[in-house]
Amino acid sequence: MGRIQASTGLATGIDIQGTVQKLMQVESIPHDDLVSRQTEVKAEQAAVTDLTATAIGVQLAVQGLKKPALFNATTINSSNPNVLTASTASSVAPGQYQFIPAQLAQASNVVSSGLASSDGLIGTGSLSFRFGGQVDTPLLLGELNGGAGVARGQIRITDRSGGTGVVDLRFAQTIDDVVNAINNSGTVSVSASVDGDHLVLTDRSGGSGNLRVQEVGSGTTAADLGLSGINAATNQASGQNVVRLFNGLQLNTLRDGNGLSLRPAVPELSVTFHDGSTRQIDLDPTGVVGPKTLGDVLNRLNTVEPTKLKAQISADGKRIELTDLTSGGGNFTVADSAGGSVATELGLAGTTAGNTLSGSRIVSGLATTLISSLNGGAGLGTLGAINLTDRSGATASVNLAGADTLDDVIDRINQAGLRITASYNQADNGIALTDTSGASTSNLIVANGDATNSAAKLGIAANVAATTIDSGNLDRQSVSRATLLSSYNGGQGVGTGTFKITNSQGATGTINLATLKPTTIGDVIDAINNLGLHVAAQINTTGDGIVLTDSAGGSGTLSAADQGTGKSAANLHLTGAATGTTLDGSTTIKIDVTNTDTLDSLVQKINDLGVGVTANALNDGSGSLPTHLSLIGNVTGSAAGLVIDGSSLGLTFHELTKAQDAVLQVGASTTGGSLITSATNTFKSIVPGLDVTLSGASTDVVTVSATQSSDNAASALQLFVDQYNKLRDKLDTYTSYNAQDGTTGTLFGSNETLHLDSDLANAVGATYFNDGSVNSLAELGVTIGQDGHLTFDKTVFQAAYNANPTDVTDFFTQDKRGFAIQTDSMLESLVGQNNSLLVTREDALQAQNDDYTTQINAWNTRLSNIQDSLLNEFYQMESIVSSIKANASAISQIQYIPPAYSTSTASSGSSSSSTG
């Protein structure tokens, strides 16, 4: 039988729902009491949580006052913020610092020769580029004169017509800077150039007087450049040689910046003496700081066998000499130790019956390249004769024997007496010969004149009906074991990620640069070789990257790939699969150009590579070939100069903007202060704690003032006062008492609030005994009002700080006795994470709340069951009453029904009875 749904019984007329609700109100009294108590607990918990959060705000403000650096803050101002700004991340000693922002950092920007349009076909061939490795890289002035460098200042040049001008060299960094400053002076008709180890001045005035160079004031700049002796009636004058080795020369600058391939704890040289004895010499032994300078190497050589071997710089200052001090009938021999190459790199590998072995040149000229640095660092071997024929038919033989540098080669060709001019090519990766005869009687011919094929090795062997022969790329080595990872990729460096190498057998090994912490390419090479994968790493044959060679003999393909989000393998140019057994990490980017390519598609190909160069099609609107390929390096700094070769496409390139470092002079000296360079326009910690950023170049002095300031400390103290007053307001609300109606705040009488209130009040009003003269907040402008709130007078604080900043600092920060130290400790006991008073109370309230929730849920279930039971009882009663009423109604309807006798039957019966 279904439940009756009516709220009022149809049979009884009883209000069932109302009656049950009243009964349930009685039953719910314990439940309602629990809900009421839980509401109170929740309110208390919310109040405690609110107080805790606000008190933590006070604690954070106090913790800010614990930092001594806050009170040592300085305000930095620049006298010319348009060109130089400064900042400090920590603290800097107050005072004035003077700088001259001489030069901004720049990225390389080059443009090609003209094309008809950007959407026309450009032919087939290739375009290649890389950062650095120019064959005419200039030396730094600090490396000249045996390390004495050049005292930067000014020089006066007088041309032969009597014109005179002062050339400012105060900010010159390289010999190129000197040449450019002279050539761009605009006041005298004199040009400068470099020839080997000296400068050359050429007078173009047409005068008949003397070409003369003088010092300005008491400077020595002209003398240091080898020019002070020039005073002659000649159109061309050469300065003195200013390049020579010296003990303090950094090893990583030797051999055109390729250094020496030293191997820790492994012998570099194998020496056999006249007396028949031998010695393996380790230049970088275990337990000793590795050599950093040429002097360190010489000292090691001279101490390993002092009675047998002597090492020194040669008389010409360009090489190292080893002398055998023993006697005997054997030869004096120096060779590379197994697996090494240092003897060869120093040019000392060889044998002599004499006592002295003289190495090859290991420092190039002012702006040239060693022959030994070409061909990827393997050199060109022995050079001999080359035969030249200019286009007039005149011939000459040029002997290149003994040439150490490309300058030597160029000079000897230019001195051959032909109308052929040798120079560095436009791509800066080789040399070019140009016929100046104007004739066409003969082809321009360069041929080998010896058995060593010198012309072919120099890339100039040719027989052409043209005026120019270009050697193309002579592969000057730009990467070596000594190359710093931070300078790789034009100064972009190598990331500290992890990469995996898989050999042809499928075996893998990982290199984690973050763990390894390598500093040089050699460190990475050694780590790869130590993986045991039968994969050998070394500098590639073109000298511009690492090459991996697989000798595992498997059927798979050698590959390398970055792991995770790192890009170290990509930065090393080692991602992808090998060609055959070789994976070449050349840093030279080569783009193949097909017969369907236009300048627009070439631009897209370059930009898709994402290699630190942005390409654009540039239309200058001039002539019939107005369109040019523009390449802009994405990295600034002198190491990011672009070397571009588009010769196979008939494209030449010229430099619009030279890649250069920012140059900053520290100090205001007019005779050349201390110059510092940066690949970016930011100089970190130029003086301790001070960073300088350049936004313009100027030869005027910019003064940076660093003034000790109380502003930061005052702001921090104001923050504490504000946070304290917020807490004071909440305490007043939660602990309030209304005498009129007897109502109280949520936390009235709470032990926790009493502690918080009294402890904080004591902290701000206490006297702190420390070593200084400041003992209370009141002395610093922080006072307590009658309502318990704090006020802060910044003027009072600043006066106290200005009078004695040390004592103010000590008041807050002195160990164990400082206000901030003690107050932070007190607050930690009240609101800290570990068993503090308020947090413990909050946890207890949460537990109590959880217990109430459990009890209430149980009561909810119980009451629901009681309600269902009562309703069922009433509904059953209603059903019974309804049934009774239905039965009573049925009974009342019962009537007497007489027997159904008919008349005939009755008569018949009577008659029969009568008869009988």
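Residues numbered from 1 in each chain as written. Predicted model: local features only at pLDDT ≥ 70, side-chain atom pairs only at ≥ 80, totals over all residues. Heavy atoms only, no water.

Within the protein, the secondary structure is distributed over 22 helices and 45 strands. Taken over C-alpha atoms, the radius of gyration comes to 47 Å for the protein, far larger than the 29 Å a tight globule of 916 residues would show. Principal-axis analysis of the C-alpha atoms places the extent of the protein at approximately 185 × 100 × 70 Å. Restricting to contacts in the protein with at least 6 residues of sequence separation, those with at least 24 account for 65%. When the accessible surface of the protein is totalled, it reaches about 41800 Å², and 49% of it is carbon and sulfur. Averaging the coordinates of the 46 positive side-chain charges in the protein and doing the same for the 81 negative ones gives two points 4 Å apart. (Helix = DSSP H or I, 4+ residues; strand = E, 2+ residues; numbered from the N terminus. Rg over C-alpha atoms; globule rule 2.2 N^0.38 Å. Contact = heavy atoms within 4.5 Å. Areas by Shrake-Rupley, 256 points an atom, 1.4 Å probe, with all protein chains shown as cover. Lys, Arg positive; Asp, Glu negative; His and termini not counted. Charge placed at Lys NZ, Arg CZ, Asp CG, Glu CD.)

With four of five residues buried, strand β42 (residues 690-694) is to be regarded as a mostly interior element. One ladder, built from three bridges, connects strand β41 (residues 682-687) with β42; its direction is antiparallel. Within the sheet, the bridge partner assigned to Val687 lies in β42 and is Leu690. Linking β41 to β42, which pair antiparallel, is a turn of two residues; within it Gly689 sits at a positive phi near 90 degrees. (Buried < 20%, exposed > 50% of the residue type's maximum accessible area, 1.4 Å probe, protein only. Pairing = 2+ DSSP bridges.)

Further remarks concern the confidence of the model for the protein. Per-residue pLDDT for the protein averages 90, and the proportion of residues at 70 or more is 96%. Here residues 902-916 is modelled with pLDDT under 50, and outside its nearest four sequence neighbours on either side it reaches zero contacts, counting other chains as well. (pLDDT = per-residue confidence, 0-100.)

On to unusual backbone geometry. Apart from glycine, the bulk of residues carry a negative phi angle, and the bulk of peptide bonds sit in the trans form. Its identity as a non-glycine residue notwithstanding, Asn145 has a phi of 55 degrees, on the positive side. Following the sequence through the fold, Asn145 ends up in the loop between β5 (125-131) and β6 (154-158). Its relative accessible area of 26% is what places Asn145 among the partly exposed residues. Notably, Asn835 is not glycine yet its phi reads approximately 60 degrees, a positive angle. Accessibility expressed as a relative area gives 73% for Asn835, which makes it exposed.

What follows covers the sheet that holds strand β8 (residues 190-195). By way of backbone hydrogen bonds, the strands of a sheet pair with one another, either parallel or antiparallel. Spatially, the three strands line up as an open sheet ordered β8-β9-β12, and their pairing is antiparallel. Single-partner strands in this sheet number two, and they are β8 and β12 (236-238). When strand polarity is set aside, the average angle formed by the axes of neighbouring strands in this sheet is 20 degrees. Alignment of β8 against strand β9 (residues 198-203), held across six bridges, turns out to be antiparallel. Bridge assignment links Val194 to a residue of β9, and that residue is Leu199. Along the sheet face, helix α4 (residues 175-183) touches β8 and β9 and points at about 160 degrees away from the line of β8. (Axes fitted to C-alpha atoms, helices over the stretch in contact; angles between N-to-C directions.)

In total, this model carries 17 salt bridges according to the counting rule given. The residue Arg37 makes a salt bridge to Asp33 at a minimum N-O spacing of 2.8 Å. Here Asp33 and Arg37 lie together in helix α2 (residues 29-64), a separation of four residues that amounts to about one turn. Each of Asp197, Lys318 and Arg361 takes part in salt bridges that share partners, so that together they form one network. (Salt bridge = Lys/Arg side-chain N within 4 Å of Asp/Glu carboxyl O.)

Regular strands show a simple pattern: their side chains alternate between the two faces of the sheet. The element β9 is extensively covered by neighbouring structure, given that six of its six residues are classed as buried. Between β8 and β9, which pair antiparallel one after the other, the connecting turn spans two residues, and Gly196 there sits at a positive phi close to 65 degrees. Where β9 meets β12, three bridges bridge the pair, whose relative direction is antiparallel. Its bridge partner being in β12, Val200 is matched across the sheet by Ser238.

Following the sequence through the fold, Gly650 ends up in the loop between β37 (642-645) and β38 (653-657). Along the sequence, Gly650 and Asp390 sit 260 residues apart, while their C-alpha atoms lie 23 Å from each other.

What the rule picks out here adds up to 12 aromatic pairs. Aromatic side chains Phe811 and Phe819 sit 5.9 Å apart centroid to centroid with 0 degrees between the ring planes, which places their arrangement in the stacked category. Looking at Phe819, the relative accessible area reads 0%, which means it is buried. What links up through ring pairs into an aromatic cluster is the set Phe71, Phe720, Tyr724, Tyr768, Phe811, Phe812 and Phe819. (Phe/Tyr/Trp six-rings, centres within 6.5 Å; stacked < 30°, edge-to-face > 60°.)

Let us now look at helix α15 (residues 599-609). When α15 is considered as a whole, its buried residues turn out to be Leu599, Leu602, Val603 and Ile606. With its buried residues spanning 100 degrees around the axis, α15 presents them on a single face. Buried residues in α15 make contact with β5, β34 (589-593), β35 (613-619) and β36 (627-636). Once α15 finishes, Gly610 follows within two positions and takes phi at roughly 60 degrees, a positive value. (Arc of directions from axis to C-beta.)

The next point concerns the packing of α2 against helix α20 (residues 819-831). α20 packs onto α2 with a crossing angle of 160 degrees between their chain directions and a minimal axis gap of 9 Å. Classified by the interaxial angle, the pair formed by α2 and α20 is roughly antiparallel. Regarding α2 and α20, the two cross each other, and that crossing is left-handed. Across the interface between the two elements, Thr52, Ala55, Ile56, Val58, Gln59, Val62 and Gln63 from α2 touch Ala820, Thr823, Asp824, Leu827, Glu828 and Val831 from α20. Looking at the contact of α2 with α20 residue by residue, the class counts come to seven nonpolar, four polar and two charged. (Parallel < 35°, antiparallel > 145°, perpendicular 65-115°, else oblique. Left-handed = near helix turned anticlockwise from the far one by under 90°. Nonpolar A, V, L, I, M, F, W, Y, C, P; charged D, E, K, R; others polar.)

Let us now look at the packing of α2 against helix α16 (residues 711-734). Here α2 crosses α16 at 160 degrees, and the two axes come no closer than 8 Å. Here α2 lies roughly antiparallel to α16, going by the angle between them. Crossing of α2 against α16: the hand is left-handed. Every residue of α16 that contacts α2 at Ala47, Asp50, Leu51, Thr54, Ala55, Gly57, Val58, Ala61 and Val62 is listed here: Leu719, Phe720, Gln723, Tyr724, Lys726, Leu727, Lys730, Leu731 and Tyr734. Split by residue class, the contact of α2 with α16 holds 12 nonpolar, three polar and three charged.

Time to look at helix α9 (residues 406-414). Every buried residue belonging to α9 is among Leu406, Asp407, Val409, Ile410, Asp411 and Ile413, and all of these are buried. Considering only its buried residues, α9 is in contact with β8, β20 (385-389), β21 (395-399), β22 (420-424) and β23 (431-435). Taking the backbone nitrogen of Asp407 as reference, a side-chain oxygen 3.3 Å away marks Thr405 as the first, capping residue of α9. (Polar contact = N/O pair within 3.5 Å; in protein donor to acceptor, adjacent residues only side chain to side chain.)

Taken together, four strands build an open sheet; the order of strands is β14-β13-β17-β18 and the sheet is antiparallel. If you trace the sheet from one side to the other, it starts and ends with β14 (278-281) and β18 (350-352), each paired once. With direction set aside, neighbouring strand axes in the sheet form an average angle of 10 degrees.

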